[in-house]
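Listed here are the chains, written in short residue letters.
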Amino acid sequence: MIRIEKLNKILHPANFDLYKYIHIFALFPTHIIQHIFQTQLAGEMEVYSTCKNLTFPLLAFVLFISLTSPAATAAKISRPAYTNFVKTKCKITTYPSLCQKTLIPYASSVKINSTRLCKAALNVAINGARNATVAVSELKRKKGITKIEAAAIKDCFEDVKDAVYELKLAVDAMGHLSDKDKEFQLANAKTYASAVITDADSCTEGFSGRKVNPAVKKIVNSCMATITKLASNALALINHLY
């Protein structure tokens, strides 16, 4: 059993690794993320990468509960085949370790259904993109933001909103694979997932070549990396669906 003290040490800002624990961020409800961001950006507090630094005791508690609850333990014991299915499928993704961390929690509902796994990956990406919109939006309220930064942030916010919308369209397309136009729907899902990566790149490029606070750029880059990695994994699973 993992002790809370150990988790707090792991999740301390000095030790925290965004890409190692990014699955936790992607699964957080948006209203909690928004509260955390608003708290971090209040007053004269230094700007941290809000996609990277969350409230660590809260994260520790959530992770502790997920790992030690009777339901989680029972699922781990009674559904090993489902977990192995997810692990096997994740091997073909761009970021297999991240894939496992974000999708194994859905193993019991996915079972051994590849289409469900693709939908789960897309939904995880939606959560990540939604939380990124909160982070980018909160940047506009930070004291000291210049007009140049504000313009880039505004464009980036629109890019991320588009990403959320396109991911939803991809989920919808995946829900019509039993229709007569199966190939058309599958192609649409691939197109939408790919467009999300383009949106993230567009946001990042909007800050290139401009005089921007390094802390602001770091936040944006972290958020876009989250979206890109999650969308890339979802796209890889869709590409290998049949």
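Quick caveat, the model's predicted, so the values are computed rather than measured.

Q: So what exactly am I meant to see when it comes to the nonpolar core here?
A: Inside soluble globular proteins, nonpolar side chains tend to come together where they are buried. Counting 56 residues, the largest nonpolar core has Leu 103, Cys 156, Met 174, Phe 207, Met 224 and Ile 227 as its most contacted members. Broken down by secondary-structure element, the contributors of at least two residues to this core are α6 (80-90), α7 (96-103), α8 (107-110), α9 (114-139), α10 (147-174), α11 (182-205) and α12 (214-239). It is α9 that provides the largest number of residues to this core, a total of 13 residues. With sequence-adjacent residues up to four places away left out, Ile 227 is seen in contact with Ala 129, Ala 132, Val 160, Val 196 and Ala 200.

Q: For this particular structure, what's the right way to read the confidence of the model for the protein chain?
A: Chain-level statistics for the protein chain give a pLDDT mean of 79 and a share of 68% at 70 or above. Mean pLDDT per element in the protein chain: helix α1 (residues 4-10) is the minimum at 45, and α7 is the maximum at 97. Across residues 42-50, where pLDDT falls below 50, the model places 18 contacts with residues more than four positions away in sequence or in other chains.

Q: I keep staring at the state of the cysteines and nothing clicks. Help me out?
A: By definition, a disulfide is the covalent link that joins the sulfur atoms of two cysteine residues. Enumeration according to the criterion identifies two disulfides in this entry. Two residues share a disulfide in this structure: Cys 156 and Cys 203, whose sulfurs sit 1.8 Å from each other. Across the S-S bond linking Cys 156 and Cys 203, the dihedral sits near -75°, which makes this disulfide left-handed. With Cys 156 in helix α10 and Cys 203 in helix α11, this residue pair connects regions lying 47 residues apart in the sequence. The class of Cys 156 is buried, set by a relative accessible area of 1%. On the basis of relative accessibility, which here comes to 1%, the residue Cys 203 falls in the buried class. Cysteine Cys 118 shares no disulfide, and the gap to the nearest cysteine sulfur, in Cys 99, comes to 9.8 Å. Of the residues examined, Cys 118 reaches a relative accessible area of 1% and is grouped as buried.

Q: Any chance you could explain the packing of α11 against α12 here in plain terms?
A: Describing two packed helices takes the angle between their axes plus the distance from one axis to the other. Two numbers describe how α11 lies on α12: the axes approach to 9 Å, and their chain directions differ by 165°. Regarding the angle of α11 to α12, the classification is roughly antiparallel. Helix-helix and strand crossings are classified by hand; for α11 and α12 the assignment is left-handed. Contacts from Leu 186, Ala 189, Lys 190, Ala 193, Ser 194, Val 196, Ile 197, Ala 200, Cys 203 and Thr 204 in α11 reach Val 220, Asn 221, Met 224, Ile 227, Thr 228, Ala 231, Ser 232, Leu 235, Ile 238 and Asn 239 in α12. Considering only residue class, the contact of α11 with α12 consists of 13 nonpolar, six polar and one charged.

Q: Looking at this structure, how should I read α7?
A: Think of an α-helix as 3.6 residues a turn; residues three or four steps apart then line up on the same face. For α7, the set of buried residues is Leu 98, Cys 99, Thr 102 and Leu 103. Seen end-on, α7 carries its buried residues on one side only, within an arc spanning 110°.

Q: Teacher, can you tell me more about the environment of Asn 131 here?
A: One can find Asn 131 in helix α9. Sequence separation of Asn 131 and Val 160 is 29 residues, and the distance between their C-alpha atoms is 9.7 Å.

About the cut-offs
Residues numbered from 1 in each chain as written. Predicted model: local features only at pLDDT ≥ 70, side-chain atom pairs only at ≥ 80, totals over all residues. Heavy atoms only, no water. Core = buried A, V, L, I, M, F, W, Y, C linked by side-chain atoms within 4.5 Å. Buried < 20%, exposed > 50% of the residue type's maximum accessible area, 1.4 Å probe, protein only. Helix = DSSP H or I, 4+ residues; strand = E, 2+ residues; numbered from the N terminus. Contact = heavy atoms within 4.5 Å. pLDDT = per-residue confidence, 0-100. Disulfide = S-S within 2.5 Å. Axes fitted to C-alpha atoms, helices over the stretch in contact; angles between N-to-C directions. Parallel < 35°, antiparallel > 145°, perpendicular 65-115°, else oblique. Left-handed = near helix turned anticlockwise from the far one by under 90°. Nonpolar A, V, L, I, M, F, W, Y, C, P; charged D, E, K, R; others polar. Arc of directions from axis to C-beta.

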